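# Structural characterization, general
Residue strings, one per chain:
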Amino acid sequence: MTGDHYFTAEPATAAQPREVEFDVAGRDYTLASAAGVFSADRLDPGTAVLLRKAELPAGDATGPLLDVGCGFGPITCVLATCAPSATVWAVDVNERARDLTAANAARVGAADRVRVVAPDDVPADVQFAQIWSNPPIRIGKAELRELLLRWLPRLAPDGVAWLVVARHLGGDSLHRWLVEQGWQVERHASQKGYRVLRVTR
Ligand SMILES: C[S@@+](CC[C@H](N)C(=O)[O-])C[C@H]1O[C@@H](n2cnc3c(N)ncnc32)[C@H](O)[C@@H]1O
């Protein structure tokens with residue numbers, strides 16, 4: 001990958017298209033992926049823990065739901081599939097990731113309900129029933145905290161956020177910091193070194 005990070009806005013690396021297969025909640029997914037995006041060759045193990053341990057939206061959920069840092073869109077596609085009436089917003093700074101998520105939303109038949117946009121393009125008045133994220137730890141601690149302080153306040157009053165963070169990448173200190181910021185945080189699950197945090201007001 002040249003000098004690209006997975007959070008590069010416009011990856012210079014050739015896309016080298018590929019597919020990623022996984023299953024969640026008894027459903028099989030085959031999604032488009034490409035070089036230059038996070039975990040391009042497989043469902044990230046942290047994302048897998050999140051999608052298997054957190055409480056997926058109910059079938060009658062209408063959302064809106066938000067996937068912060070959608071990558072090629074695995075979380076977005078699972079949310080849109082589990083909640084076939086919900087609007088799902090997917091944001092990422094990486095343009096290639098956004099293109100892949102849009103293509104994958106179409107693959108799962110949810111193109112009309114999935115809004116894939118750059119972070120600044122989410123309308124200010126949308127409040128989210130649920131926020132989901134495998135957040136970009138590698139952008140740095142201060143930037144990560146800024147990202148969370150940007151999106152968590154967009155939760156509806158009774159909304160819930162689900163985050164997954166590796167313990168060795170600071171999952172427990174992030175938990176403590178969120179509590180210090182006034183959020184209710186529960187370690188909902190812990191598996192394979194990943195913490196699944198449930199965050200509410
Ligand atoms: C750990 S990856 C998770 C990707 C995907 N959700 C998954 O589970 O495979 C985090 C994502 O956040 C994106 N990202 C980095 N900085 C961001 C920011 N400021 N706002 C939104 N997304 C960002 C990265 O480009 C990357 O795709």
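Check the entry above for the structure.
## Structural notes on the sheet that holds strand E6 (residues 128–133)
Strand order across the open sheet formed by seven strands is E5-E4-E3-E6-E7-E9-E8, with mixed pairing between neighbours. At either end of the open sheet lies a strand with only one pairing partner, and these are strand E5 (114–117) and strand E8 (184–191). Direction aside, the axes of adjacent strands within the sheet are offset by 15° on average. Of the strand pairs in this sheet, strand E3 (residues 65–68) and strand E4 (residues 88–91) are connected by four bridges, and their pairing is parallel. Residue pairing in the sheet places Val68 in a bridge with Val91 of E4. In the packing of helix H4 (residues 141–151) onto the sheet, the strands contacted are E3, E4, E6 and strand E7 (155–166), and the crossing angle to E3 comes to about 170°.

## Regarding the pairing of E7
Extensive coverage of E7 is indicated by the burial of ten of its twelve residues. Pairing between E6 and E7: five bridges, direction parallel. By the bridge assignment for E7, Ile131 is matched with Ala161. A crossover connection joins E6 to the parallel E7 through H4; in handedness this β-α-β unit is right-handed. Sheet analysis places E7 next to strand E9 (residues 194–200), joined by six bridges and oriented antiparallel.

## Here we look at the pattern of salt bridges
When the charged atoms of two side chains with opposite charge come close together, those side chains can pair. Applying the stated criterion to the full structure yields five salt bridges. The residue Arg150 makes a salt bridge to Asp120 at a minimum N-O spacing of 2.8 Å. Of this pair, Arg150 sits in helix H4 while Asp120 sits in the loop between E5 and E6; the two residues are 30 residues apart in sequence, bridging distant segments of the chain. On the basis of relative accessibility, which here comes to 38%, the residue Arg150 falls in the partly exposed class. Relative accessible area serves as the criterion here: at 63%, Asp120 is assigned to the exposed category. Between Asp172 and Arg195 there is a salt bridge, and its shortest N-O distance comes to 2.8 Å. Remark: Arg195 occurs in strand E9 and Asp172 occurs in helix H5 (residues 171–180); sequence separation between them is 23 residues. On the basis of relative accessibility, which here comes to 10%, the residue Arg195 falls in the buried class. Here the salt bridges share partners, and the residues they tie into one network are Asp172, Arg187 and Arg195.

## Overview of the environment of Ala105
Structurally, the position occupied by Ala105 is in helix H3 (residues 95–107). With a relative accessible area of 2%, Ala105 lands in the buried category. The sequence separation of Ala105 and Gly73 amounts to 32 residues, and the corresponding C-alpha distance is 7.7 Å. Excluding residues that lie within four positions of it along the chain, Ala105 makes contacts with Cys77, Ala110, Ala111 and Val114.

## Considering H5
Taken residue by residue, H5 has Gly171, Asp172, Leu174, His175, Trp177 and Leu178 as its buried positions. Gly182 sits one or two residues past H5 and shows a positive phi near 100°.

## Remarks on the site of the ligand
Near the ligand, the surroundings consist of 18 residues, among which Tyr6, Thr47, Gly69, Asp92 and Asn134 are the closest. With respect to the ligand, the side chain of Thr47 contributes an N or O atom lying 2.6 Å from an oxygen atom. Note that a nitrogen atom of the ligand is positioned 3.4 Å from one of the backbone N or O atoms of Cys70. Computed on the free molecule, the ligand has an accessible area of 590 Å², of which 93% lies beneath the protein chains in the complex. Counted by class, the shell around the ligand contains twelve nonpolar, five polar and one charged residues.

Calculation criteria
Residues numbered from 1 in each chain as written. Predicted model: local features only at pLDDT ≥ 70, side-chain atom pairs only at ≥ 80, totals over all residues. Heavy atoms only, no water. Pairing = 2+ DSSP bridges. Helix = DSSP H or I, 4+ residues; strand = E, 2+ residues; numbered from the N terminus. Axes fitted to C-alpha atoms, helices over the stretch in contact; angles between N-to-C directions. Contact = heavy atoms within 4.5 Å. Buried < 20%, exposed > 50% of the residue type's maximum accessible area, 1.4 Å probe, protein only. Right-handed = clockwise from strand over helix to strand, strands pointing away. Salt bridge = Lys/Arg side-chain N within 4 Å of Asp/Glu carboxyl O. Near = heavy atom within 4 Å. Polar contact = N/O pair within 3.5 Å; in protein donor to acceptor, adjacent residues only side chain to side chain. Areas by Shrake-Rupley, 256 points an atom, 1.4 Å probe, with all protein chains shown as cover. Nonpolar A, V, L, I, M, F, W, Y, C, P; charged D, E, K, R; others polar.

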